[in-house]
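Structural overview
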Amino acid sequence: MKRGNERSLRRRVYELLEPGSEDRAAFFVDMALIAFVLVSVAAVVLETVPWMAEAWPAWFVAAEIGTVAIFTVEYLLRFWCSPEHAPWRNRPEWRARLNFVRQPQAIIDFVAILPFYLALVMDAGDLKSLLILRLFRFLKLARYSPGVQSLLDAIYGERRALVGCGVLLLGTMLVCAAAMHYAEHDAQPDKLGTIPDAMYWAIVTLTTVGYGDVTPITALGRIIASLTAVMGIIMLALPVGIVASAFQKEIHQRDFVVTWSMVAKVPLFAALDASEVAEIMRFLRARSCEKDEIIVRRGEAADAIYFIVTGEVEVRMPEGERRMGPGDFFGEIAVLRGGERTATIVAAADCKLLALGEHDLRHLMDRSPEMARRIKDKARGRLEERGEAPSGEIEKA
């Protein structure tokens, strides 16, 4: 019984700390942690102003001790309840906690509190070197920002293209540096006498910074410099365009970030293992709906099945109306039949949905026979409630 109480408490702590939870208490916890991050960063910045540091030394000390205490408790609680994280729930607790400390966000949390404890054992003269580490606390805000998460997802999704741009930039830098060395090594042996020296000029020019401390003086050198400057604009436009396009696509595809906890709340996915849930998350697209917003209309072509994360929807059919709540799903009958929607679905309250496209649904049903069986059983049950016999399309889907 004691063990069960501990698991229940641990689960509750996890829900309070997990970003994206609809729990009101979790919302206030998130807001409080964000406020502490902002206070801590502001204190680090303002402490470098001499007159402020002299006027309010006690305030800065109190802010540092208080925020570090909060962040330390937060880190320890996240470490303790990490076995409740959906992809690690079926693993040994020690393995789940080991996975937690290796996560990028957990590393940021650790680095955020590390300077304070290092300062306790270091000389006062070394404390200034820890300033940059204290500013790492600002990165903790990434956990609470769907926009930052979407941007990181966009960068990760285009990582191969961005690596290719980096390789291309490096090659261009080497070619330009070699050309400038050839053109200017006699005229400016102290600045462009070697290719490594010329590489500094090349990277500064390609990035369009152009400090002006190294400039060509020969006619050939100036021609090379002009071409290098133009190529720099092109080289920088490539990764910017790639990231901007991917980010725009990511924002349009999802209104909020799909997390493990959201997917785990859907009973249909509860029995799946971590690898299957991870695969499903790649295909799910989020959608936020306001009250009375029409989600799908009767007669429209069916292109997706929807899972309710929060809120309620109202199903309007000729034979009557009914409501669905969190954990339920709709739209499977029309998708399995490959036809039109048989009902109009309206948001009965503000709600968040996860949409799974028809092609992705069939792919996942092929990969997971158990999930396919449960979806078909649900479709057959709903058809029987409406007095219809299950169609052959559903059995063959």
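Above this text you will find the structure in question.
In this report, we go over the structure that sits alongside the text. Along each chain, numbering runs from 1 in the same order as the chain's sequence is written. Restriction of local features to residues with pLDDT of at least 70 applies here, the model being predicted, together with a cutoff of 80 or more for giving and counting side-chain atom pairs; totals for whole chains, interfaces and linings are based on all residues. Where side-chain values are given, they derive from all heavy atoms of the structure, hydrogens and water being excluded.

Observations regarding the sheet that holds strand β4 (residues 313–317)
For the record, the criterion: We call two strands paired when DSSP finds no fewer than two bridges between them. By definition, any uninterrupted DSSP run of H or I lasting at least four residues is a helix, any uninterrupted run of E lasting at least two residues is a strand, and each is numbered from the N terminus. In this description, a line fitted to the C-alpha atoms serves as the axis of each element, helices being fitted only across the stretch in contact, and the angle between N-to-C directions of two axes falls anywhere from 0 to 180 degrees.
Spatially, β2-β7-β4-β5 is the arrangement adopted by the four strands of the open sheet, whose pairing is antiparallel. In the strand order of this sheet, the two ends are held by β2 (294–296) and β5 (320–324), each with one partner. Shown here is a sheet whose adjacent strand axes are inclined to one another by a mean of 30 degrees, direction ignored. Alignment of β4 against strand β7 (residues 344–347), held across four bridges, turns out to be antiparallel.

Details of the side chain of Thr205
Let me state the cut-off plainly: Relative accessibility under 20% of the residue-type maximum defines a buried residue, over 50% an exposed one, and the middle range a partly exposed one, all with a 1.4 Å probe and only protein chains included. The contact criterion used is simple: two residues touch if any of their non-hydrogen atoms lie within 4.5 Å.
If you trace the backbone, Thr205 turns up in helix α11 (residues 195–206). The class for Thr205 is buried, based on a relative accessible area of 14%. Those residues in contact with Thr205 that sit more than four places away from it in its chain are Ala225, Thr228 and Ala229.

With respect to the packing of aromatic side chains
This is how the line gets drawn: Stacked, tilted and edge-to-face are the three classes assigned to paired rings of Phe, Tyr and Trp, where Trp is represented by its six-membered ring and a pair needs centres within 6.5 Å; plane angles under 30 degrees give stacked, over 60 edge-to-face, the rest tilted. Cation placement over rings: the criterion is NZ of Lys or CZ of Arg within 6 Å of the ring centroid and within 35° of the ring normal.
Summed over the entire model, instances satisfying the criterion amount to nine aromatic pairs. Judged by centre distance (6.0 Å) and plane angle (45 degrees), the rings of Tyr75 and Phe110 are tilted. Pair noted here: Tyr75 is in helix α4 (residues 57–81) and Phe110 is in helix α6 (residues 104–119), with a separation of 35 residues, a long-range link. Owing to a relative accessible area of 12%, Tyr75 belongs among the buried residues under this scheme. Of the residues examined, Phe110 reaches a relative accessible area of 39% and is grouped as partly exposed. Chaining the aromatic ring pairs together yields one cluster made of Tyr75, Phe79, Phe100 and Phe110. Cation over ring: Arg97 sits above Phe79, and NZ or CZ is 5.8 Å from the ring centre. The ring of Phe71 has Lys140 sitting right over it, with the charged end atom 4.8 Å from the ring centre.

Some points on the pairing of β5
Alignment of β4 against β5, held across five bridges, turns out to be antiparallel. Paired with Met317 across the two strands is Gly320, which belongs to β5. Hairpin connection of β4 to β5: two residues between the antiparallel strands.

Remarks on unusual backbone geometry
Peptide bonds are, in most cases, trans, and in most cases residues other than glycine have a negative phi. Within the chain, Thr208 stands out as a residue other than glycine whose phi angle is a positive 65 degrees. Here Thr208 shows up in the loop between α11 and α12 (219–253). Although it is not a glycine, Asp292 adopts a positive phi angle of roughly 75 degrees.

With respect to the state of the cysteines
For the record, the criterion: In what follows, a disulfide is any cysteine sulfur pair within 2.5 Å.
The tally for this structure, following the rule as stated, stands at zero disulfides. No disulfide involves Cys289; its sulfur sits 4.6 Å from that of Cys351, the nearest cysteine.

Points about the packing of helix α17 (residues 358–367) against helix α18 (residues 369–385)
Heads up, the condition is: In what follows, roughly perpendicular refers to angles from 65 to 115 degrees, roughly parallel to angles under 35, roughly antiparallel to angles over 145, and oblique to any angle outside these ranges. Polarity classes work like this: nonpolar for Ala, Val, Leu, Ile, Met, Phe, Trp, Tyr, Cys and Pro, charged for Asp, Glu, Lys and Arg, and polar for all others, with Gly in that last group.
With their axes 5 Å apart at the nearest point, α17 and α18 run at an angle of 120 degrees to one another. Judged by the angle between their axes, α17 and α18 are oblique. For the pair formed by α17 and α18, the contact residues are Leu361, Leu364, Met365, Asp366 and Arg367 on the first element and Pro369, Met371, Ala372, Ile375 and Lys376 on the second. Within the contact of α17 with α18, the residues separate by chemical class into seven nonpolar, no polar and three charged.

Things to note about the nonpolar core
Short version of the rule: Only buried residues count toward a nonpolar core. Its members are Ala, Val, Leu, Ile, Met, Phe, Trp, Tyr and Cys residues joined through side-chain atoms within 4.5 Å.
Residues Leu268, Phe269, Leu284, Phe307 and Leu356 are the most contacted members of the largest nonpolar core, which totals 28 residues. Looking at this core, the elements that each hand over two or more residues are α14 (267–270), α15 (274–283), β3 (304–310), α16 (332–337), β8 (351–357), α17 and α18. Counting residues per element, this core draws most heavily on α18, at five residues. Ignoring anything within four residues of it in the chain, the contact list for Leu356 reads Phe283, Leu284, Ala304, Ile305, Phe307, Leu361 and Leu364. Formed by 17 residues, the second largest nonpolar core is a distinct cluster that contains Ile308, Val313, Ile345 and Ala355.

Quick word on a nonpolar patch on the surface
Heads up, the condition is: Note on patches: the residues involved have over 30% relative accessible area and no salt bridge, like charges join within 9 Å, and the nonpolar side chains Val, Leu, Ile, Met, Phe, Trp and Tyr join within 5 Å. Note on areas: Shrake-Rupley, 1.4 Å probe, and residue coverage restricted to the protein chains presented here. Put simply, a salt bridge is a Lys or Arg side-chain nitrogen that is within 4 Å of an Asp or Glu carboxyl oxygen.
A cluster of nonpolar side chains, Tyr182, Leu220, Ile223, Leu227 and Met231, forms an exposed patch at the surface whose accessible area comes to about 530 Å². Per-element tally for the nonpolar patch: the top contributor is α12, with four residues. Mapped onto the fold, Leu227 is located in helix α12. Judged by relative accessible area, which is 53%, Leu227 ranks as exposed.

Thoughts on the sheet that holds strand β6 (residues 329–330)
Whenever strands of a sheet pair, they do so through backbone hydrogen bonds, lying parallel or antiparallel. Strand order in the open sheet made by the four strands is β1-β8-β3-β6, with antiparallel pairing throughout. Edge positions in the sheet fall to β1 (285–289) and β6, since each has one partner strand and no second. Inspection of the sheet shows β3 paired to β8 by six bridges, in the antiparallel sense. Residue pairing across strands places Ile305 opposite Leu356, the latter belonging to β8. Across the sheet, α17 lies against β3 and β8, angled at about 70 degrees from β8, the strand it touches most.

Description of the pairing of β8
Most of β8 sits inside the fold, with five of its seven residues counted as buried. In this sheet, β8 lies alongside β1 in antiparallel orientation, the contact comprising five bridges. In the sheet register, Ala286 faces β8, and the bridge partner there is Leu354.

Here we look at the pattern of salt bridges
Counted according to the given criterion, the structure contains 15 salt bridges. Between Arg137 and Glu64 there is a salt bridge, and its shortest N-O distance comes to 2.8 Å. Placement of Arg137 in the loop between α7 (131–134) and α8 (146–157) and of Glu64 in helix α4 is noted, with a sequence separation of 73 residues between them. Residue class for Arg137 comes out buried when judged on its relative accessible area of 0%.

In short, geometric facts, not functional conclusions.
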